[in-house]
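Coordinate analysis (summary)
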Amino acid sequence: MTDLSHLAKPGAEIALRVTPKASRNQIVAAEDGLRAYVTVVPEDGKANAEVTKLLAKALGVAKSRLTLIRGQSARDKVFRLD
């Protein structure tokens, strides 16, 4: 798991690209930004919930502190840390 605790500042906006139906759940810091890979399918918000859970774990914060502000139905998402 990638340690993203250095990004855990209140008010920070974290952009990432999501790949659903991957072989494993992980967040990777790539050259073009953060990438999240989740094993669940993108239906009924399941992938968004899994990404929120993974991102919260990588940041070392509670998942209730993360808000999805852009990309509810897109692969490119932006979360805000409250």
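In case you missed it, the structure is sitting above this.
Residues numbered from 1 in each chain as written. Predicted model: local features only at pLDDT ≥ 70, side-chain atom pairs only at ≥ 80, totals over all residues. Heavy atoms only, no water.

Glancing now at the sheet that holds strand 3 (residues 33-37). Consider a sheet: its strands pair through backbone hydrogen bonds, and that pairing is either parallel or antiparallel. Sheet architecture is open: five strands sit in the order 2-3-1-5-4, paired in mixed fashion. Each having just a single partner strand, strand 2 (26-30) and strand 4 (66-70) make up the two edges of the open sheet. Direction aside, neighbouring strands of the sheet carry axes that sit 35 degrees apart on average. Pairing of strand 2 with strand 3, which is carried by five bridges, proceeds in the antiparallel orientation. In the sheet register, A30 faces strand 3, and the bridge partner there is G33. (Pairing = 2+ DSSP bridges. Helix = DSSP H or I, 4+ residues; strand = E, 2+ residues; numbered from the N terminus. Axes fitted to C-alpha atoms, helices over the stretch in contact; angles between N-to-C directions.)

Moving on, we come to helix 1 (residues 46-59). End to end, helix 1 covers 20 Å across 14 residues, agreeing with the expected 20 Å (1.5 Å per residue, within 8%). Following helix 1 by one or two positions, G60 has its phi on the positive side, about 80 degrees. (Expected span 1.5 Å × (residues − 1).)

Attention now goes to the layout of surface pockets. The gaps of empty space that remain are located by a probe, the size of a water molecule, rolled over the atoms. Of the volumes computed, that of the largest pocket is approximately 180 Å³. Lining of the largest pocket is provided by 14 residues; of these, P42, A47, N48, A74 and K77 occupy positions nearest its centre. Considering each element in turn, the lining of the largest pocket owes the most residues, three residues, to helix 1. Each residue belonging to the lining of the largest pocket can be placed in one class, and the counts come to five nonpolar, four polar and five charged. (1 Å grid on protein atoms, 1.4 Å probe; cavity = no way out; pocket = protein on both sides within 12 Å on 5 of 7 lines; lining within 4 Å. Points joined across faces, edges and corners; volume = space filled by probe spheres on them. Nonpolar A, V, L, I, M, F, W, Y, C, P; charged D, E, K, R; others polar.)

Keep in mind that these numbers describe shape and distance, not what the molecule does.
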